[in-house]
Amino acid sequence: MNKVESMLLELKDTSEFMVDLAYSSLLYNNVEIAEEVIFLEGKMDELSIQIQQYIENVGREHPEEIPKFTFVLRLQMAIEDIANAAASIADVVLRGLGEHPVIQMSIQESEATIEMATVSERSILVNKTLGELALGSHTGMYIIAIKRGAQYIYGPGKEVVIQAGDALIAKGPEESADFFMDIASGEETEL
Amino acid sequence: MSENSGEYLSLDSIDMTVQEILTEMKDKSEVIVDLAYASLMYNSRDMADKVSEIEDEMEDLKYAIRVKTLVAARSIEDAKQLSGILQIASAADRISQSAGEIVKLLDVPAEKRPFINNIIRESDEKFRAIRISDKSDMVGNTLGRLAVEALTGARVIAIKTRRGWIYDPDDDIKVHAGDDIIVRGFDDGFDRLTEYAQGKKPWEFPEIEEGDDE
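Residues numbered from 1 in each chain as written. Chains lettered and ligands numbered in written order. Predicted model: local features only at pLDDT ≥ 70, side-chain atom pairs only at ≥ 80, totals over all residues.

Section: the overall build of chain A
Then, in step 1: Each helix and strand counted, chain A has seven helices and four strands in total.
Then, in step 2: Expressed as lengths along the three principal axes of its C-alpha atoms, the size of chain A is roughly 60 × 40 × 25 Å.
Then, in step 3: Going through the 191 residues of chain A one by one, you find that 45% of them count as buried.
Then, in step 4: Counting contacts in chain A only where the partners sit at least 6 residues apart, residues at least 24 apart contribute 78% of the total. (Helix = DSSP H or I, 4+ residues; strand = E, 2+ residues; numbered from the N terminus. Buried ≥ 20, exposed ≤ 12 C-beta atoms within 10 Å, placed from the backbone. Contact = placed C-beta atoms within 7 Å.)

As structure tokens, then:
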């Protein structure tokens, strides 16, 4: 994959993740998750600028590539607009307008919920790969991203090793959430 | 006035509650983006048409929810709370419009259309087609009863049946042996869903509440 491709891929993954997060911030009227969406919007802006600068540079040296970049830019704009919409959903929570019961109930009607859990040092997840843990089968919650410091790993592969301090973002049925949180905090010690 | 209200009353969504409309808009805004990328990946005009259809539906839903919330507002406090609902509805509609922009890229001739397949294939949330075996106890059940996403984290975006494709299938659609369900999700969930689909594992139906006949 070349540079534009990987930048565009990150843009796309980030935007989809933002939508997931934004809707789930509504479910519990969760300010922390809503703020995460806004943080990611900032990352999207940086990425977009990088893509545009890259295109400017390559376009100067290889004008024949420009038609392909038109496509990239159109896609980029659509993706950015999705991200902005996600931020606008999170903004509802940040403005304190997320309390209306209709909002929570309409999100609940949907099938899955999202949880964010920080892995404690005493959790049995520490130093294990996602492959050996098979969290989906054991807890019912699927890891859609891991936040490590300021970096996100989207859709982490089976080889990814969980570290203490990682924030796991997982999707699954509401009734599985508690067990998952307890496993991450170390309260529960058996999968 | 009469003409406009006539138009409004003809909307299907008029019989839905605000909550139902919002749920519908949220769900549609998620599946439409999946379908849009999938249409580019499979180069599918049919999927792109479905995206445009959902985009139109969203427009109607947004209109209906606007009118309904405006009617419900009786005070400044009401209006504040309801404005949050409208903000969400607008955002969901905006997402569907962006999906509409994405499928327009299908019109770009192939030689000017780089990258995209790689990007979707490499993307963390991949698509997969899973065949339903006659041994699977998913057979004969509706998507609503199965709640596939809750159990496996994988979202059903389309079904390929013997009669043809169903995009963004409704909850009352039944799964048949031999169908291919097209899902978007993660490896972990795909593995699990494949076991159910092949009949290697019994489906774990959610418990049904007493007196709930759905």
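A closer look at unusual backbone geometry
Then, in step 1: A positive phi is found at A:Asn127, a non-glycine position, where the angle reads about 65°.
Then, in step 2: Take A:Asn127: there are 10 C-beta atoms within 10 Å of it, and that puts it in the exposed class.
Then, in step 3: The phi dihedral of B:Asp168 is positive, around 45°, even though this residue is not glycine.
Then, in step 4: Of note, B:Asp168 is situated in the loop between β3 (164–167) and β4 (180–185).
Then, in step 5: Classification of B:Asp168 as buried rests on a count of 21 C-beta atoms within 10 Å.

Considerations on the interface of chain A and chain B
The accessible area lost on association of the parts is a frequent measure of interface size.
Then, in step 1: In this complex, chain A contributes 47 residues to the contact, which on the side of chain B involves 42 residues.
Then, in step 2: The leading source of residues in the side of chain A that touches chain B is helix α3 (residues 66–94) of chain A, at 14 residues.
Then, in step 3: Taken together, the residues that form the side of chain A that touches chain B break down as 26 nonpolar, nine polar and twelve charged. (Nonpolar A, V, L, I, M, F, W, Y, C, P; charged D, E, K, R; others polar.)

As for the pairing of β4(B)
Residues and elements named next belong to chain B.
Then, in step 1: For β4, a buried count of five out of six residues is recorded, marking the element as mostly surrounded by other parts of the structure.
Then, in step 2: Of the strand pairs in this sheet, strand β2 (residues 155–161) and β4 are connected by five bridges, and their pairing is antiparallel. Paired with Ile 159 across the bridge in β4 is Ile 181. (Pairing = 2+ DSSP bridges.)

Concerning the environment of B:Leu151
Residues and elements named next belong to chain B.
Then, in step 1: Note that Leu 151 resides in helix α7 (residues 148–152).
Then, in step 2: C-beta crowding within 10 Å serves as the criterion here: with 23 such atoms nearby, Leu 151 is assigned to the buried category.
Then, in step 3: As for Leu 151 and Gly 189, which are separated by 38 residues in sequence, their C-alpha atoms are 8.4 Å apart.

Comments concerning the domain arrangement of chain A
Residue and element names in this part refer to chain A.
Then, in step 1: Domain annotation of chain A identifies domain 1 (3–104) and domain 2 (111–185).
Then, in step 2: Distance from the C-alpha centre of domain 1 to the C-alpha centre of domain 2: 23 Å.
Then, in step 3: Tallying the contact residues gives seven residues for domain 1 and six residues for domain 2.
Then, in step 4: When residues of the side of domain 1 that touches domain 2 are assigned to their parent elements, the largest contribution, six residues, is made by helix α1 (residues 3–27).
Then, in step 5: Across the side of domain 1 that touches domain 2, the residue classes break down as four nonpolar, one polar and two charged. (Domains from an automatic or database assignment.)

Quick look at the sheet that holds β3(B)
Residues and elements named next belong to chain B.
Then, in step 1: Ordered by their spatial adjacency, four strands build an open sheet running β1-β4-β2-β3, and the pairing between neighbours is antiparallel. Edge positions in the open sheet fall to β1 (126–131) and β3, since each of these has one partner strand only. Sheet twist, expressed as the average angle between the axes of neighbouring strands with direction ignored, equals 20°.
Then, in step 2: Its contacts with the sheet put helix α2 (residues 18–41) on β1, β2, β3 and β4, and the angle it makes with β2 is roughly 55°.
Then, in step 3: Relative to β1, helix α8 (residues 187–197) is tilted by about 10°, and along the sheet it contacts β1 and β4. (Axes fitted to C-alpha atoms, helices over the stretch in contact; angles between N-to-C directions.)

A few points about the environment of A:Ser106
Then, in step 1: Its place among the elements puts A:Ser106 in helix α4 (residues 101–108).
Then, in step 2: Residue classification places A:Ser106 among the buried residues on the basis of 27 C-beta atoms within 10 Å.
Then, in step 3: Between the alpha carbons of A:Ser106 and A:Lys128 there is a distance of 37 Å; along the sequence they are 22 residues apart.
Then, in step 4: Excluding anything up to four places from it in sequence, A:Ser106 contacts B:Gln19, B:Leu22, B:Thr23 and B:Lys26.

What to know about the domain arrangement of chain B
Residue and element names in this part refer to chain B.
Then, in step 1: Here chain B is partitioned into domain 1 (2–111) and domain 2 (124–197).
Then, in step 2: With eight residues of domain 1 at the interface, the matching set in domain 2 holds seven residues.
Then, in step 3: Where the side of domain 1 that touches domain 2 is concerned, the elements lending two or more residues are α2 and α3 (45–72).

Looking at the sheet that holds strand β2 (residues 142–148) of chain A
Residues and elements named next belong to chain A.
Then, in step 1: The strand order β1-β4-β2-β3 describes an open sheet built from four strands, whose pairing is antiparallel. Edge positions in the sheet fall to β1 (113–118) and β3 (151–154), since each has one partner strand and no second. This sheet shows a mean twist of 20° between the axes of neighbouring strands, independent of strand direction.
Then, in step 2: Sheet analysis places β2 next to strand β4 (residues 167–172), joined by five bridges and oriented antiparallel.

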